[in-house]
Amino acid sequence: MPIDHNAMLQALQADLESLKNAISSEDHPLAERIVNDHDARLRAYIQAHDVAEQLPALQQLQEQQQTLIARMRELRDEAATHLRHERQSARAVNAYQQAGTLP
């Protein structure tokens, strides 16, 4: 049974769109499953096909992946900044409370 190159590439692109949606909704377990499935699907595609003839499509797929990775980094950095601010606020509240209890 012949394998449809376009269908496989569309499935890989759909994986990335699903990953983007999972990240946006902060569904981390789903995002992890999607990444694992996508990796397995991509490896199977590369092993089963002459990737040289599909180079333009794979380059587009790589650009899509890089865009998602950049967004994941932005979200990570935003979360780190938020956590840092939370810790600073907690320290300020504690200092204020301690100062209020001193004679």
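Above this text sits the structure in question.
What counts as what
Counting starts from 1 at the beginning of each chain's written sequence and moves along it residue by residue. At least 70 in pLDDT is required for a residue's local features to be given in this predicted model, at least 80 for side-chain atom pairs to be given and counted, and no such filter applies to totals for whole chains, interfaces and linings, which use all residues. Side-chain calculation: all heavy atoms of the structure are included, whereas hydrogens and water are not. The secondary structure listing takes helices from DSSP runs of H or I that are at least 4 residues long and strands from runs of E that are at least 2 residues long, numbered from the N terminus. The atom set for the radius of gyration is the C-alpha atoms, and the globule formula is 2.2 Å times the number of residues raised to the power 0.38. In this scheme, a residue with accessible area under 20% of its type's maximum is buried, one over 50% is exposed, and one in between is partly exposed, where area comes from a 1.4 Å probe on protein chains only. It only takes one pair of heavy atoms within 4.5 Å for two residues to be counted as in contact. The method behind every accessible area is Shrake-Rupley, applied with a 1.4 Å probe, and residues are considered shielded solely by the protein chains displayed. When charges are counted, Lys and Arg contribute as positive and Asp and Glu as negative, whereas His and the chain ends are disregarded. In this description, the location of a charge corresponds to atom NZ of lysine, CZ of arginine, CG of aspartate or CD of glutamate. What a helix is expected to span follows from its residue count: subtract one and scale by 1.5 Å. Summarising the geometry, the arc corresponds to the directions from the helix axis toward the C-beta atoms. Site definitions follow a grid-based scheme: protein atoms alone, a 1 Å grid, a 1.4 Å probe that fits but cannot get out for cavities, and for pockets an open set with protein on both sides within 12 Å along at least five of seven lines, plus lining residues having an atom within 4 Å of a point. Grid points are joined across faces, edges and corners, and a volume is the space filled by probe spheres set on the points. The nonpolar class holds Ala, Val, Leu, Ile, Met, Phe, Trp, Tyr, Cys and Pro. Asp, Glu, Lys and Arg form the charged class, and all remaining residues, Gly among them, are polar. Throughout, nonpolar core names a set of buried Ala, Val, Leu, Ile, Met, Phe, Trp, Tyr and Cys residues whose side chains join them through atoms within 4.5 Å.

S.K.: Teacher, can you tell me more about the overall build of the chain here?
M.R.: For the chain, the helix and strand inventory stands at 3 helices and 0 strands. The C-alpha radius of gyration computed for the chain amounts to 22 Å, which surpasses the reference 13 Å derived for 103 residues by more than 25%, pointing to a less compact arrangement than a globule. With respect to the three principal axes, the spread of C-alpha positions in the chain is 85 × 20 × 20 Å. In the chain, buried positions account for 18% of the 103 residues. Within the chain, residue pairs in contact and separated by at least 24 positions form 67% of the contacts whose partners lie at least 6 positions apart. Split by element, the accessible area of the chain, about 7900 Å² in all, is 54% carbon and sulfur. Charged side chains of the chain number 10 positive and 15 negative; the gap between the two group centres comes to 10 Å.

S.K.: Before we go on, may I ask you to explain helix α1 (residues 5-24) in this structure?
M.R.: With 20 residues, α1 ought to run about 28 Å at 1.5 Å a step, and its terminal C-alpha atoms sit 29 Å apart, in line with that. The complete set of buried residues in α1 reads M8, L9, L12, D15, L16, L19, A22 and I23. End-on, the buried residues of α1 take up no more than an arc of 140°, which puts them together on one face. Seen from the buried face of α1, the exposed residues on the opposite side, beyond 90 degrees, are Q10 and S24. Positive phi appears at E26, one or two residues downstream of α1, with a value of about 55°.

S.K.: Would you take a moment to explain the layout of surface pockets for this structure?
M.R.: The probe, sized like a water molecule, is rolled over the atoms to show the empty space still left. Roughly 250 Å³ of volume is contained in the largest pocket. Lining the largest pocket are L19, A22, I23, E26, H28, A31, V35, M72, L75, R76, E78 and A79. Sorting the residues of the lining of the largest pocket by element identifies α1, α2 (28-48) and α3 (55-101) as the ones contributing at least two each. Tallying contributions element by element places α3 first for the lining of the largest pocket, with 5 residues. Grouping the amino acids of the lining of the largest pocket by side-chain chemistry returns 8 nonpolar, 1 polar and 3 charged. In this model, the second largest pocket occupies a volume close to 160 Å³.

S.K.: For this particular structure, what's the right way to read the nonpolar core?
M.R.: Most often, soluble globular proteins keep nonpolar side chains buried together rather than apart. Grouped together as the largest cluster of nonpolar side chains are 14 residues, with contacts concentrated most on L9, L12, L19, Y45, L58, L61 and L68. Tallying contributions element by element places α1 first for this core, with 7 residues. Apart from residues lying up to four places away in sequence, L9 is in contact with Y45, Q54, A57 and L58.

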